[in-house]
Amino acid sequence: MRRIFGWLLLAIFLIPSWSMAAPVAEVDLKMSYSSPTGKVTFPGPVTGTYYLDYDAELTWDGTTHSLEIFCVENVPGTTANVPYQLYTLDSLGDIGLDSEKYLTAAWIAEQYYDQPDNQDYWKAMAQIAIWEVIFDFGSASGLDVTTGSFRSHTYTQAPQAILAGLPASIPSSSLWLLAVNPDFQNYLVRNPAPVPEPASMLLFATGLAGLAGFRRRQRRLPTS
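Owing to the predicted nature of the structure, the values given are computational and were not obtained by experimental measurement. (Residues numbered from 1 in each chain as written. Predicted model: local features only at pLDDT ≥ 70, side-chain atom pairs only at ≥ 80, totals over all residues. Heavy atoms only, no water.)

**Quick notes on the overall build of the protein**
Stated precisely, the cut-off is as follows: The secondary structure listing takes helices from DSSP runs of H or I that are at least 4 residues long and strands from runs of E that are at least 2 residues long, numbered from the N terminus. Any residue under 20% of the maximum accessible area for its type is buried, any over 50% is exposed, and the rest in between are partly exposed; the area is computed with a 1.4 Å probe on protein chains only. Contacts were defined at the residue level, with two residues in contact if any of their heavy atoms lie within 4.5 Å. Residue-level accessible areas treat just the shown protein chains as cover; the underlying method is Shrake-Rupley with a 1.4 Å probe.
Secondary structure assignment for the protein yields five helices and seven strands. When the helices and strands of the protein are listed from N to C terminus, the series reads α-β-β-β-β-α-α-β-α-β-β-α. Burial status across the protein gives 37% buried among its 224 residues. A separation threshold of at least 6 residues defines the contact pool for the protein, and within that pool the share at least 24 residues apart is 68%. Summed over all atoms, the accessible surface of the protein reaches about 12,400 Å², with 54% contributed by carbon and sulfur.

Written out as structure tokens, the structure is:
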């Protein structure tokens, strides 16, 4: 019995480390893009007309999921099927990224990735707002798509309205993950297969401990 509790205690102490810098999963991701398009300026500055609607086929543990995704990097993308690592947004500090910034972008993604009316348009407006968060988060000029390192030229009013609707307090966790590849664009990807939270795993471990104790008491019951 002591050995069982020893292993359970060890598992409990190790649980926090499971949610740190290690990726949630290694997957294959095939990106595609479509209209609408918009003229924007990325840091550099680099100005051009870009597609604003990104989608992906993501293969995780042998199952392929069709997903709405958002671009969060101004580097070349590829439409080939390539490997990516998925990270939880609250662990991004461990790989040198700002979790608060990506959680803010993910809040926008969650509100606008699946609009019942005019979905492609609103997803495109959300993509512009997300680029503004990614490239100008914490800047002195604030989140304004007409100024700063990132600027939108074709669409301004709708993305700015999305940014104006950001809550005062952004949730500290999200259903969205960051898909990372060192050679291509990174993306916000909505988790198609949620993993247990550390608190849930702790509850599971506690349940195992209780079950072990119950069985121990059963063995001690006097026989007639």
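Once the structure has been displayed, the description carries forward.
**Some thoughts on the packing of aromatic side chains**
As a reminder of what qualifies: For Phe, Tyr and Trp, rings pair up if their centres lie within 6.5 Å, where Trp contributes its six-membered ring, and each pair is then called stacked (planes under 30 degrees apart), edge-to-face (over 60) or tilted (otherwise). The criterion is that NZ of a Lys, or CZ of an Arg, lies within 6 Å of the ring centre and within 35 degrees of the ring normal, and then a charge sits over that ring.
A full pass over the atoms with the stated rule returns 15 aromatic pairs. Ring centres 6.5 Å apart and planes at 80° place the aromatic pair Tyr54 and Trp131 in the edge-to-face group. Residue Tyr54 is found in strand β2 (residues 46-60), and its partner Trp131 is found in helix α3 (residues 119-136); the two are separated by 77 residues along the sequence. Across the pair, exposure class does not vary: Tyr54 and Trp131 are buried alike. Arranged with centres 6.0 Å apart and planes meeting at 50°, the rings of Tyr84 and Tyr187 form a pair that is tilted. Placement of Tyr84 in strand β4 (residues 81-88) and of Tyr187 in strand β7 (residues 187-190) is noted, with a sequence separation of 103 residues between them. Each member of the pair, Tyr84 as well as Tyr187, carries the same accessibility label: buried. A cation over an aromatic ring shows up here: Lys123 above the ring of Phe70, its NZ or CZ 5.3 Å from the ring centre.

**Thoughts on helix α4 (residues 157-164)**
In an α-helix there are 3.6 residues to a turn, and that puts residues three or four apart on one side. Convention followed: Arc, as used here, means the arc of the directions from the helix axis to the C-beta atoms.
Taken together, the buried positions of α4 are occupied by Ala158, Pro159, Ile162 and Leu163. Along the axis of α4, the buried residues cluster in a sector spanning 140°; they form a single face. Residues of α4 that are exposed and point more than 90 degrees away from the buried face comprise Gln157 and Ala164. Buried positions along α4 lie against α2 (99-112) and α3.

**Side note on the nonpolar core**
What counts is decided by this rule: Here, nonpolar core refers to any group of buried Ala, Val, Leu, Ile, Met, Phe, Trp, Tyr and Cys residues whose side-chain atoms link them within 4.5 Å.
Leu29, Leu89, Ile108 and Tyr187 are the most contacted members of the largest nonpolar core, which totals 54 residues. Top contributing element to this core by residue count: α3, with ten residues. Not counting chain neighbours up to four residues away, the residues in contact with Leu89 comprise Ser99, Tyr102, Leu103, Ala106, Ser174, Trp176, Leu177, Leu178 and Leu188.

**A word on the pairing of strand β6 (residues 176-180)**
Test applied: When DSSP finds two or more bridges between a pair of strands, those strands are recorded as paired.
Of all five residues making up β6, five are buried, and the element is well covered by its neighbours. Side chains Trp176, Leu178 and Val180 project from β6 onto one buried face, and the interleaved Leu177 and Ala179 project onto a second face that is buried too. Alignment of β4 against β6, held across four bridges, turns out to be antiparallel. Note on β6: the bridge partner recorded for Thr88 is Leu177. Examined bridge by bridge, β6 and β7 share four bridges and lie antiparallel to one another. When the bridges of β7 are listed, Ala179 appears paired with Tyr187. Between β6 and β7, which pair antiparallel in sequence order, lie six residues.

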